[in-house]
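Residue-level structure breakdown
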Amino acid sequence: PIYNSRDSRYKTPYGAVPSGTQVRFTLRPGRVEGFSRATLSARFESRGDQIESLPMLWSGLELDRDLFQGSLDTGDYVGLVWYSFLLERLDGGRQELGPYQLTVYQAEEVPSWFGEGMTYQIFPDRFLRSRVPDPAGMVGGRWVHQDWEELPEWRPDQRGEIRNRDFFGGDLLGVMEKLDYLKGLGVETLYFNPIFEASENHRYGTADYDKIDPMLGSNQDFSRLCDEAHRRGMRVMLDGVFNHTGYVSRYFNGDGFYPDVGASQSWDSPYRPWFNFIQWPKKYESWWGIYSLPAVNESCPSYRDFIFAGENSVVRRWLRAGADGWRLDVADELPDDFVAGIHQAARAEKPDALVIGEVWEDGSTKVAYGVRRKHILGGHCDGLMNYPLRNAILAFFRGGGGEHFVSAMETIRENYPPSAFYSAMNSLGTHDTPRILTLLGAGGEYRDQSRDWRAHFRLSPKQRRRGKDLLRAAALLLFCFPGSPTVYYGDEAGMEGFEDPFNRQTYPWGREDRELVDWFRALGALRRDHPALRRGDIRYVAGQGPLLAFTRSAAGETILCACNAGDGPAAMELGFPRELTPLLGRAHVDPGEEGPTLTIPPLSGAAFLVHEG
Ligand code: ARE
């Protein structure tokens, strides 16, 4: 029953391999093709594109197919290998197949806690405030919404930009108040968007890496929060924004707010070499040309020391203060050796600390600044944010077909080292994307892209009903998939909205969508209680049209997850005689001789325990 579209060629072992592995390739062309010779050619990309050619031996027949086999020794190589096959006939006819990717990684021990359990992403300014803050004396010309339920400021300024200077005042004490709620949801890791002092409400332009933003609380509050989280069996992951600082910061000090002598104030500033000035002090490199985020020079020794290399580096100090891991902002724009340094420092400080990278594409093939990146080749990022999964889920529930989901996700599984696949941060949406409920409910058709329209857009009751059905199914899929099911704050409460700032509205305490909260709580319990979902392998049992189903198995337990993205009921034969116990969701099971037939209601998903034998 295993889904395999590649039965005419395969390699063992499946997928990415640790260096030192012998990989065995098999080709199975039809006899009628009359091929008499096959050659494997392998290009070792990070060895200067060195090419190795080796003959594949004819090793017999398998029904009406010829079998050719050959083995490749990966030796001490780490990187991508692009392999292709040349098939030849006696009459000179030939056929080329490939190139295909083989990922060869450096084996390393990756702590499993992150990928096994549920993660909850908190955008700190918008989660809960323990009091209405007074912004007087704080950096960045902030103003505070008195009314928690207001929309964030969305009107662009004269530059046409959203300045993100309005705060609601969500704080760490607020999060602490809700730890029991989060624990009850099944949360095992809290991922915080940046919490260090910064002038904008998203805090991505760090002003002071030594200090929790005073509107959020004190450094002690942070450690207390970590203690409280740990007491409940939860861990804490921070957002490490190391590719740029704030224009307003102790380091750049563009507006002179800080007493420090910043890079833009004196050529002799100790921070000046941190930045790349094109023409000092007014012209400098910045992240994606955004002047408020001056880019740093990651090869500057004092900056490296400060961020990771020193005993007291930012990376180490905040782990010491209670954090358990880092999510690296724009990981794909940081040099590999910088990422490796962070990884090393994190592990040196806490042996089970984790580093998750922000990469939007397939992280095994990501190229930045013309260089293939080593993110998941070992010793860099332990896992990545899994936007490919989000895209695949969205596409599937918008009618894209189960085939596409399977092929997209099998590609990721094949390209990633298992530890990276199982440590992925899997989200349906983040602070950088529209809310999942809005996307699923609105069906992807937005005629009007203006901010004004977006500010006032709400799903109609009909759209919302459909959106909620789809969200329930999409979340079930997420919680059954390998990698950490990550919930963006408020998705579980039915929050809507497009991109920034509409996807960053305040949590609707007291106005939550109870049905959704209950559903997510059930999913959290499901994930927590079943080893098969925490660490089991994955096998697809269906992937056609509106139907998608797979099993996860571990520790003698098998769970089946089945989803129907269509508007009518979908039936599926399991193809093996097993008894099914429903765990969550509704589906009709018709036990048959050959195995049960499942009928899944429209726009829904269900999970079952599969009884062996
Ligand atoms: C805000 C507004 C923008 C506005 C800008 C300037 O949202 O609309 O243009 O201000 O006024 C943070 C804030 C953002 C803020 C930005 C700049 O959260 O709200 O923008 O700072 O002030 C790419 C990067 C990826 C990056 C996303 C946003 O590759 O690394 O773009 N994500 C991180 C964080 C962000 C953060 C920053 C980086 C900067 O998660 O929150 O922004 O520190 C494709 C590509 C991706 C691309 C993605 C989205 O799929 O493959 O590479 O991600 O689209 O654009």
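Quick note: structure is the one above.
The text that follows walks through the structure, step by step, so that each part is easy to find. (Residues numbered from 1 in each chain as written. Predicted model: local features only at pLDDT ≥ 70, side-chain atom pairs only at ≥ 80, totals over all residues. Heavy atoms only, no water.)

Tracing the backbone through its elements, the reader meets Asn 193 in the loop between β12 (187-192) and β13 (196-198). By relative accessible area, Asn 193 is classed as buried at 0%. Within the local environment of Asn 193, its side chain forms a polar contact with the side chain of Tyr 191, the two groups lying 3.2 Å apart. Engagement of the side chain of Asn 193 in a polar contact is seen with the side chain of Tyr 204, the distance being 2.9 Å. What Asn 193 contacts, discounting residues up to four positions off in sequence, is Gln 121, Ile 122, Phe 123, Pro 124, Tyr 204, Asp 239 and His 431. (Helix = DSSP H or I, 4+ residues; strand = E, 2+ residues; numbered from the N terminus. Buried < 20%, exposed > 50% of the residue type's maximum accessible area, 1.4 Å probe, protein only. Polar contact = N/O pair within 3.5 Å; in protein donor to acceptor, adjacent residues only side chain to side chain. Contact = heavy atoms within 4.5 Å.)

Thr 12 connects to Pro 13 through a cis peptide bond whose omega is 0°. By the secondary structure assignment, Pro 13 is in the loop between β1 (9-12) and β2 (17-18). At Asp 49, a position not held by glycine, the phi torsion is positive, near 60°. Checked against the element boundaries, Asp 49 lands in the loop between β4 (35-44) and β5 (50-62). Positive phi outside glycine occurs at Leu 63, with the angle close to 50°. Relative to the elements of secondary structure, Leu 63 occurs in the loop between β5 and β6 (65-73).

Moving on, we come to the environment of Gly 379. Topologically, Gly 379 is positioned in the loop between β21 (371-372) and β22 (383-384). It is 9.4 Å that separates the C-alpha atoms of Gly 379 and Glu 109, two residues lying 270 residues apart in sequence.

What follows concerns the site of the ligand. Near the ligand you find 21 residues, and of these His 244, Val 330, Glu 358, Asp 432 and Asp 500 are the closest. For the ligand, a nitrogen atom lies 2.7 Å from a polar atom in the side chain of Glu 358. Between the ligand and the protein, one listed contact pairs an oxygen atom with a side-chain N or O atom of Arg 504 at 2.9 Å. Isolated, the ligand exposes 940 Å² of accessible area, and the fraction of that covered by the protein chains is 74%. Split by residue class, the shell around the ligand holds eight nonpolar, four polar and nine charged. The two domains that each donate at least three residues to the shell around the ligand are domain 2 (117-243 + 298-529) and domain 3 (244-297). (Near = heavy atom within 4 Å. Areas by Shrake-Rupley, 256 points an atom, 1.4 Å probe, with all protein chains shown as cover. Nonpolar A, V, L, I, M, F, W, Y, C, P; charged D, E, K, R; others polar. Domains from an automatic or database assignment.)

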